[in-house]
Amino acid sequence: MKGTTIVPRYLVERTFPEGLNVPMNDAGATAMGGVIARNAEKGVTWVQSFVSPDKSKSFCIYDAPSPEAIRSTAQKNSLPVDKITEVRVLDPYFYR
């Protein structure tokens, strides 16, 4: 893949002491759209998130040029960052 740049993938862990509350309405959609737009300014792509049942923790997958870019966009989005870990995909079905 000559000339192709692979963007690193990261797992971002966050804690929300009061719980994460994203309304399932137009206001929630607008808020998420703002997060996506601010992330794009730094080349950060939000891929997917997982939230604990009590909504106090989230585990988010991002493609980004660096952990610093993730921290910068998190600050702009008023989101906490506990830990950022670079990750790779391990697919259990690869071995079939």
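Residues numbered from 1 in each chain as written. Predicted model: local features only at pLDDT ≥ 70, side-chain atom pairs only at ≥ 80, totals over all residues. Heavy atoms only, no water.

A. Just the nonpolar core, in detail. Formed by Y10, V12, V44, C60, Y62, A64, A69, I70 and I84, the largest nonpolar core amounts to nine residues. If we skip the residues at most four places from it in the chain, I84 touches Y10, L11, V12, P67, I70 and R71. (Core = buried A, V, L, I, M, F, W, Y, C linked by side-chain atoms within 4.5 Å. Buried < 20%, exposed > 50% of the residue type's maximum accessible area, 1.4 Å probe, protein only. Contact = heavy atoms within 4.5 Å.)

B. Broad picture of the pairing of strand β2 (residues 45-51). Both β2 and strand β3 (residues 57-63) contribute to a ladder of six bridges, which runs antiparallel. Across the sheet, the residue bridging to T45 is D63, located in β3. Counting the residues between successive antiparallel strands, the hairpin from β2 to β3 contains five residues, one of them, K55, with a positive phi of roughly 65°. (Pairing = 2+ DSSP bridges. Helix = DSSP H or I, 4+ residues; strand = E, 2+ residues; numbered from the N terminus.)

C. Quick peek at the environment of R71. Looking at where R71 falls in the secondary structure, it is placed in helix α2 (residues 67-76). Spatially, the C-alpha atom of R71 lies 13 Å from that of W46, the residues being 25 residues apart in sequence.

D. Expanded view of unusual backbone geometry. Look at K55: it is not a glycine, yet its phi comes out positive at around 65°. Using a relative accessible area of 43% as the deciding quantity, one classes K55 as partly exposed. Despite not being glycine, S78 has its phi angle at roughly 55°, a positive value. Examined against the element boundaries, S78 turns out to sit in the loop between α2 and β4 (83-87). Classification of S78 by relative accessible area gives exposed; the value is 66%.

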